[in-house]
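Each chain is listed here by its residues.
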Amino acid sequence: MQYSHEVEEMCCVKKGPDHGPAPIPEEGRWVQAKEIKDISGLTHGVGWCAPQQGACKLTLNVKNGVIKEALIETIGCSGMTHSAAMAAEILSGKTILEALNTDLVCDAINTAMRELFLQIVYGRTQSAFSEDGLPVGAGLEDLGKGLRSQIGTMYSTEYKGVRYLEMAEGYVTSLALDKGGEVIGYEFVNLGKMMEMINVKGMDANEALAKAKSSYGRYKDAASYINPRKA
């Protein structure tokens with residue numbers, strides 16, 4: 001350690017306060033975090049790329065400073081899906097400090113990591129007051145049956161009006177309109193359930209499609225129906 005001449009010439013003054021850092025809530029405990037290994041918690045956060053053309057929702061489950069579980073969901077940029085694949089392999093097993101200083105391939109994922117780091121080290125996790133936190137695997141619960149991200153995709157023009165393309169429930173196949181031409185419901189396919197029936201249970205594709213279909217709102221009371229991708 002090098003000191004300037006001015007500091008070397010100063011007299012010593014004894015430090016008084018020595019109470020350590022303020023405790024933060026972590027998995028049902030109050031912790032004075034002094035090292036990375038003192039940090040635990042599960043949390044979610046969102047990041048965006050520099051041109052703001054894509055976004056990432058990142059979920060991390062941290063135990064004793066190490067990322068034990070990572071869920072990466074991206075939208076808006078085709079290249080981000082490949083970036084997410086690489087980042088998913090990179091993140092697990094790293095400390096949160098290592099992850100913060102690692103190139104996670106995509107601006108949006110890097111930004112999400114930065115935002116999550118702040119939440120975690122300040123004790124603002126989703127599991128801050130949950131005793132012993134959440135088990136590894138809890139990150140998948142947001143995806144639901146079929147393990148698909150919840151996506152909402154809507155499109156509209158002043159000229160032709162709105163088109164619902166995808167809801168959290170699934171891929172929209174039909175919009176229900178009343179006599180005035182306003183949307184009163186929709187039919188959708190839960191793609192996660194459909195693909196599970198086909199891929200895991202070996203069900204015929206047409207049968208799986210029929211079983212995975214459902215509707216929302218006053219779908220059966222409609223005056224007319226349109227395909228949102230064609231009409």
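Residues numbered from 1 in each chain as written. Predicted model: local features only at pLDDT ≥ 70, side-chain atom pairs only at ≥ 80, totals over all residues. Heavy atoms only, no water.

Trainee: Just checking my understanding: could you explain the nonpolar core for this structure?
Mentor: In summary, soluble globular proteins display a tendency toward joint burial of nonpolar side chains. Within the largest apolar cluster, 24 residues are counted, with the highest numbers of intra-cluster contacts made by L58, L60, L91 and M113. Looking at this core, the elements with two or more residues in it are β4 (55-63), β5 (66-75), α2 (78-91), α3 (96-100) and α4 (107-121). In terms of residue count, the dominant contributor to this core is α4 (seven residues). With residues near it in sequence (within four places) discarded, M113 still touches L58, L60, L91, I96, A99, L100 and L104. Judged by nonpolar contacts, the second largest core, of seven residues, contains L175, L177, Y186 and I226. (Core = buried A, V, L, I, M, F, W, Y, C linked by side-chain atoms within 4.5 Å. Buried < 20%, exposed > 50% of the residue type's maximum accessible area, 1.4 Å probe, protein only. Helix = DSSP H or I, 4+ residues; strand = E, 2+ residues; numbered from the N terminus. Contact = heavy atoms within 4.5 Å.)

Trainee: What is the right way to look at α4 in this model?
Mentor: Three or four residues apart is the spacing at which side chains of an α-helix point the same way, because the helix has 3.6 residues per turn. Between its first and last C-alpha, α4 extends 21 Å over 15 residues, near the 21 Å set by a 1.5 Å rise per residue. Where α4 is concerned, the buried positions are A108, I109, T111, A112, M113, L116, F117 and I120. Structurally, α4 contributes buried residues whose contacts are with β1 (24-26), β3 (41-48), β4, β5, α2 and α3. Following α4 by one or two positions, G123 has its phi on the positive side, about 75 degrees. (Expected span 1.5 Å × (residues − 1).)

Trainee: Mind showing me how you'd approach a nonpolar patch on the surface here?
Mentor: Residues M1, Y3, V7 and M10 make up a contiguous nonpolar surface patch of about 520 Å² in total accessible area. Structurally, V7 can be placed in helix α1 (residues 5-8). Look at V7 and you get partly exposed, because its relative accessible area is 39%. (Patch = residues over 30% accessible without salt bridge, like charges linked within 9 Å, V, L, I, M, F, W, Y side chains within 5 Å. Areas by Shrake-Rupley, 256 points an atom, 1.4 Å probe, with all protein chains shown as cover. Salt bridge = Lys/Arg side-chain N within 4 Å of Asp/Glu carboxyl O.)

Trainee: Would you mind showing me how to read the environment of Q126 here?
Mentor: As for its position among the elements, Q126 is in the loop between α4 and β6 (153-157). Q126 sits 70 residues away from C56 along the chain, and the two C-alpha atoms are 18 Å apart. If we ignore the near neighbours within four places in the chain, the residues touching Q126 are L42, T43 and H44.

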